[in-house]
Amino acid sequence: IESFKPVSISFINNYNIDFSEYFDDVVRVTVPYNGEIETIKLKVDKKRYNYIASKPLHQTQKVKERGGDYVVIELKVIPNYEFETLLLGFADSIEILEPTTLKQTISERAKKIFSKNTECVDVVHSSM
């Protein structure tokens, strides 16, 4: 921002959106246009689950299954970029079970991350 100035435009209330509920179905703040709530199932390593239990990924988080070394949780959210990024932060501890569309999206993002960082690793190794 280089500058600002007062303007005489009247504020218009938005009565079409109930902002007390508008962000309830997403992680963080991006609400995708025409996004629909999906049931997300994640298989979480037991070591990481304690953290996720204490800081849920979303308020709809529920335990669906407990195994010896994992916990399956379910969430009902509208997938968005912030949710994908959150999942990528737990990439070594979480397996996406459902839906396959989310699994594919995360796989594509992971491939891009890997290809970009592999190029950097190759440059470092070739200069040694």
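Preceding this paragraph is the structure being described.
1. Observations regarding the overall build of the protein chain
Then comes step 1: Assigned secondary structure in the protein chain consists of 3 helices and 4 strands.
Then comes step 2: If you list the helices and strands of the protein chain from N to C, you get β-α-β-β-α-β-α.
Then comes step 3: Compactness check: the protein chain gives a C-alpha radius of gyration of 20 Å against a globular reference of 14 Å for 128 residues, more than 25% above the reference.
Then comes step 4: Principal-axis analysis of the C-alpha atoms gives the protein chain an extent of 60 × 50 × 25 Å.
Then comes step 5: Classification of the 128 residues of the protein chain by burial places 27% in the buried group.
Then comes step 6: Across the protein chain, the fraction of contacts at a sequence separation of at least 24, relative to all contacts at a separation of at least 6, is 64%.

2. Remarks on the pattern of salt bridges
Then comes step 1: One pass over the structure, following the stated rule, counts 3 salt bridges.
Then comes step 2: Glu74 serves as the salt-bridge partner of Lys76, at 3.9 Å between the closest nitrogen and oxygen.
Then comes step 3: For Glu74, a relative accessible area of 10% gives the class buried.
Then comes step 4: Put simply, Arg109 and Glu84 hold a salt bridge, and the shortest N to O gap is 3.0 Å. Of the two residues, Arg109 sits in helix α3 (residues 100-127) while Glu84 sits in helix α2 (residues 81-89), which places them 25 residues apart along the sequence.
Then comes step 5: With relative accessibility at 17%, the residue Arg109 sits in the buried group.
Then comes step 6: Assessed through its relative accessible area of 14%, Glu84 is described here as buried.

3. Re the nonpolar core
Then comes step 1: Counting residues in each nonpolar core, the largest one holds 20 residues, and the members touching the most others are Leu42, Leu57, Ile73 and Leu87.
Then comes step 2: Discounting residues that sit within four places of it in the chain, Leu57 has contacts with Val27, Leu42, Ile52, Ile73, Leu75, Leu86, Leu87 and Phe90.

4. Regarding the packing of aromatic side chains
Then comes step 1: One pass over the structure, following the stated rule, counts 3 aromatic pairs.
Then comes step 2: Pairing Tyr22 with Phe23 gives two aromatic rings, centres 4.9 Å apart and planes at 85°, and the pair type is edge-to-face.
Then comes step 3: With relative accessibility at 33%, the residue Tyr22 sits in the partly exposed group.
Then comes step 4: Judged by its relative accessible area of 32%, Phe23 falls in the partly exposed class.
Then comes step 5: Between the aromatic rings of Tyr51 and Phe90, the centroid separation amounts to 6.1 Å while the plane-to-plane angle is 50°, which identifies the pairing as tilted. Placement of Tyr51 in helix α1 (residues 46-54) and of Phe90 in the loop between α2 and β4 (94-98) is noted, with a sequence separation of 39 residues between them.

5. What to know about unusual backbone geometry
Then comes step 1: Note the cis peptide between Glu98 and Pro99, where omega equals -10°.
Then comes step 2: Structurally, Pro99 can be placed in the loop between β4 and α3.
Then comes step 3: For Arg28, which is not a glycine, the phi torsion comes out positive at approximately 70°.
Then comes step 4: Residue position: Arg28 is located in the segment before β1 (38-45).
Then comes step 5: Residue classification places Arg28 among the exposed residues on the basis of a relative accessible area of 52%.
Then comes step 6: Of note, Asn34 is a non-glycine position whose phi angle comes to about 60°, a positive value.

Cut-offs applied
- Residues numbered from 1 in each chain as written.
- Predicted model: local features only at pLDDT ≥ 70, side-chain atom pairs only at ≥ 80, totals over all residues.
- Heavy atoms only, no water.
- Helix = DSSP H or I, 4+ residues; strand = E, 2+ residues; numbered from the N terminus.
- Rg over C-alpha atoms; globule rule 2.2 N^0.38 Å.
- Buried < 20%, exposed > 50% of the residue type's maximum accessible area, 1.4 Å probe, protein only.
- Contact = heavy atoms within 4.5 Å.
- Salt bridge = Lys/Arg side-chain N within 4 Å of Asp/Glu carboxyl O.
- Core = buried A, V, L, I, M, F, W, Y, C linked by side-chain atoms within 4.5 Å.
- Phe/Tyr/Trp six-rings, centres within 6.5 Å; stacked < 30°, edge-to-face > 60°.

By themselves these figures say nothing about function.
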